[in-house]
Amino acid sequence: MNTVPEPPTTAAVVEGRTAAQERIRRIGGGALRLLCRPTVEGLENVPDTGGFIVASNHLSFLDSVLMQGIFPRAVSFFAKAEYFTQSGLRGRGMRFFFESFGSVPVDRDRQSGAVEALYGLTSIIEAGHGVGIYPEGTRSRDGRLYRGKNGVGWLALATGAPVVPVGLRGTERLQPPDKNMMRPARFEMRVGAPLHFAKLGEKHSMKPRKEATNAVMDAIADLSGQERVQEYNTRPAGADG
């Protein structure tokens, strides 16, 4: 009788990555560049050492994989826990792929999942690695940049890690919303200069958190060139990401 494995813990996935998995990540990034011929600017802004936070706009299900493959250092984005727990050969292959690119599992069905996810990211940052977050919370279905949620501000102030803003353009053409097939298409990835905030620890007031979040969203908007929306984005019922 096949048993479904438990999802690995956040820190264990990142610390357990092997040299072979890092090669898979780099090969995957090279394949993306070859197939899609993206315009990529500003990778020199990614810190050479230490923990850091990547904050990006979100247009496609593939955005995380694109950044994970192209960035010079591994960046851990969250992926559905189901990708890590399926049984059989296909399940093991999916788990190896997502772990190779630096993804870590999150249970979206749990009410406490979002809070636990943020604390999981702090552990990765404190271990000296990069993490990725979408301040909008979910993909933009109309191409506009929605109001940032304050999780990115909390993470920046809790850890004191530099925030690397990213503006993506055209990634929705690789896999349009609600489509399952990927098709090669050109896109742009612009990486901005790191933003630095004071390390205030996990318990701090809302005012500096909102200020940090607004500064991050302003930087993303400058890079992406998107129209701004002063309201939060919501995930359609049944949508994935």
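Keep in mind the model is a prediction, meaning the values are calculated, not measured. (Residues numbered from 1 in each chain as written. Predicted model: local features only at pLDDT ≥ 70, side-chain atom pairs only at ≥ 80, totals over all residues. Heavy atoms only, no water.)

Asker: Explanation requested: the overall build of the protein in the structure shown.
Answerer: For the protein, the helix and strand inventory stands at 8 helices and 8 strands. Residues classed as buried in the protein amount to 51% of the 241 residues present. Here the protein has roughly 11,900 Å² of accessible surface; of this, 53% comes from carbon and sulfur atoms. (Helix = DSSP H or I, 4+ residues; strand = E, 2+ residues; numbered from the N terminus. Buried < 20%, exposed > 50% of the residue type's maximum accessible area, 1.4 Å probe, protein only. Areas by Shrake-Rupley, 256 points an atom, 1.4 Å probe, with all protein chains shown as cover.)

Asker: Please explain the packing of helix α2 (residues 19–36) against helix α5 (residues 88–100) as it appears in this structure.
Answerer: Helix-helix packing is characterised by the crossing angle of the two axes and by the distance between the axes. Relative to each other, α2 and α5 sit at 80°, their axes nearing to 8 Å. In terms of orientation, α2 and α5 fall into the roughly perpendicular class. Listed contacts from α5 to Q21, I24 and R25 of α2 are F96, E99 and S100. For the contact of α2 with α5, the residue count by class is 2 nonpolar, 2 polar and 2 charged. (Axes fitted to C-alpha atoms, helices over the stretch in contact; angles between N-to-C directions. Parallel < 35°, antiparallel > 145°, perpendicular 65-115°, else oblique. Contact = heavy atoms within 4.5 Å. Nonpolar A, V, L, I, M, F, W, Y, C, P; charged D, E, K, R; others polar.)

Asker: Explain the sheet that holds strand β2 (residues 52–56) here, please?
Answerer: Sheet strands associate in pairs through backbone hydrogen bonding, adopting either a parallel or an antiparallel arrangement. If you trace the 6 strands from one edge of the open sheet to the other, you get β1-β8-β7-β2-β6-β3, paired in mixed fashion. The sheet is open, and its two borders are formed by β1 (39–41) and β3 (75–76), each paired with just one other strand. When β2 meets strand β6 (residues 130–133), the two strands line up parallel, connected through 4 bridges. What sits directly across from A55, in β6, is I133. (Pairing = 2+ DSSP bridges.)

Asker: Just to check I follow, could you spell out the pattern of salt bridges for this structure?
Answerer: Between side chains of opposite charge, a pair can form when the charged atoms approach closely. One pass over the full model with this rule turns up 8 salt bridges. A salt bridge links E188 to R169; the shortest N-O distance between them is 4.0 Å. Of this pair, E188 sits in strand β8 (residues 188–191) while R169 sits in strand β7 (residues 163–169); the two residues are 19 residues apart in sequence, bridging distant segments of the chain. What makes R169 partly exposed here is its relative accessible area of 31%. (Salt bridge = Lys/Arg side-chain N within 4 Å of Asp/Glu carboxyl O.)

Asker: Sorry if this is basic, but what is going on with the packing of α2 against helix α3 (residues 63–70) here?
Answerer: As a packed pair, α2 and α3 sit with axes 7 Å apart at the nearest point and diverge in direction by 110°. Here α2 lies roughly perpendicular to α3, going by the angle between them. Contacts between α2 and α3 involve R25, G29, L32 and R33 from the former and V65, L66, Q68, G69 and I70 from the latter. Its residues placed into classes, the contact of α2 with α3 shows 4 nonpolar, 3 polar and 2 charged.

Asker: Explain the side chain of Q226 to me, please; I cannot follow it from the model alone.
Answerer: By secondary structure assignment, the location of Q226 is in the segment after α8 (206–224). One polar contact links the side chain of Q226 to the main-chain carbonyl oxygen of G143, over a distance of 2.9 Å. There is a polar contact of 2.9 Å between the side chain of Q226 and the side chain of S224. Look past the residues within four positions of Q226 in its chain and what remains in contact with it is N57, L59, G143, R144, L145 and A221. (Polar contact = N/O pair within 3.5 Å; in protein donor to acceptor, adjacent residues only side chain to side chain.)

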